[in-house]
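Residue-level listing of the chains:
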Amino acid sequence: MFNPAPRIQRLPLSGKDACYVIDDALLDPQGLVQLATTHRERFQASGHNAFPGPELRMPDAFSAALDEFFARHVRRLLGARRTVRAYSRLSLVTLRPEQLSPAQSICHRDRMELEPGRCVAACVLYLFQDAALGGTGFYRPLRSAAETAQ
């Protein structure tokens, strides 16, 4: 399912932060597209996520394989020693720009209250063929952390 020899590129963000771009992560990406197509009716809207469309929680076996891939190829790059919890989901972009809520129209950040020594790692796997469809952008706030949070 996951490629044992992906291409990994480190892209610096600000300070010591970085984004790791992993190409060829899947051995059969079209198989995952087919799975999403086959189970499209099982996707459900989620009220807690800013994603512009329905989601499908992946089976634990898939999440375990993703976590193994993460442990083998990415975890040490992020300075992590172990995974405490992992899950995965597929998402479909189905909303048009005029259907987005205000929160879906602005930059967001993953906010998690964490104990010292813990971090959150997020992974986005794009399964479309046309790079013009988008991707993930990273932005540094111009305001203080308190103003940004407000």
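These figures come from a predicted structure and were not determined experimentally.

(A) Spotlight on the nonpolar core. In terms of nonpolar packing, the biggest core is built from 12 residues, these being Phe 2, Ala 25, Leu 26, Leu 32, Ala 36, Phe 43, Leu 56, Met 58, Phe 62, Phe 69, Leu 90 and Leu 92. Leave out the neighbours within four places in its chain, and Phe 2 touches Ala 25, Leu 26, Leu 27, Phe 62, Ala 65, Leu 66 and Phe 69.

(B) Structural view of the pattern of salt bridges. All told, the structure shown has six salt bridges when counted by the stated rule. In this structure, the salt-bridge partner of Arg 7 is Asp 23, at a minimum N-O distance of 3.9 Å. Of the two residues, Arg 7 sits in strand 1 (residues 7-12) while Asp 23 sits in strand 2 (residues 18-23), which places them 16 residues apart along the sequence. The network of salt bridges with common partners includes Arg 7, Asp 23 and Asp 24.

(C) The arrangement of a nonpolar patch on the surface in detail. Judged by side-chain polarity, Val 124, Tyr 126, Phe 128 and Leu 133 come together as a nonpolar surface patch covering roughly 390 Å² of accessible area. Residue placement: Leu 133 occurs in the loop between strand 4 (89-91) and helix 3 (145-149).

(D) Just the pairing of strand 1, in detail. Pairing of strand 1 with strand 2, which is carried by six bridges, proceeds in the antiparallel orientation. Residue pairing for strand 2: Leu 11 is matched across the bridge by Cys 19.

(E) Seen up close, the side chain of Asn 3. With respect to the helices and strands, Asn 3 occurs in the segment before strand 1. Within polar-contact distance, the side chain of Asn 3 engages the backbone oxygen of Asp 24 at 2.9 Å. Sequence-distant contacts of Asn 3, that is, excluding residues within four places in its chain, are made with Asp 24, Ala 25, Leu 26, Leu 27, Phe 69 and His 73.

(F) Geometry of the confidence of the model for the protein chain. Here the protein chain averages 86 in pLDDT, and 97% of its residues register 70 or above. The spread of mean pLDDT over the elements of the protein chain runs between helix 3, the lowest at 80, and helix 2 (residues 60-73), the highest at 94.

So, how was this worked out
Residues numbered from 1 in each chain as written. Predicted model: local features only at pLDDT ≥ 70, side-chain atom pairs only at ≥ 80, totals over all residues. Heavy atoms only, no water. Core = buried A, V, L, I, M, F, W, Y, C linked by side-chain atoms within 4.5 Å. Buried < 20%, exposed > 50% of the residue type's maximum accessible area, 1.4 Å probe, protein only. Contact = heavy atoms within 4.5 Å. Salt bridge = Lys/Arg side-chain N within 4 Å of Asp/Glu carboxyl O. Helix = DSSP H or I, 4+ residues; strand = E, 2+ residues; numbered from the N terminus. Patch = residues over 30% accessible without salt bridge, like charges linked within 9 Å, V, L, I, M, F, W, Y side chains within 5 Å. Areas by Shrake-Rupley, 256 points an atom, 1.4 Å probe, with all protein chains shown as cover. Pairing = 2+ DSSP bridges. Polar contact = N/O pair within 3.5 Å; in protein donor to acceptor, adjacent residues only side chain to side chain. pLDDT = per-residue confidence, 0-100.

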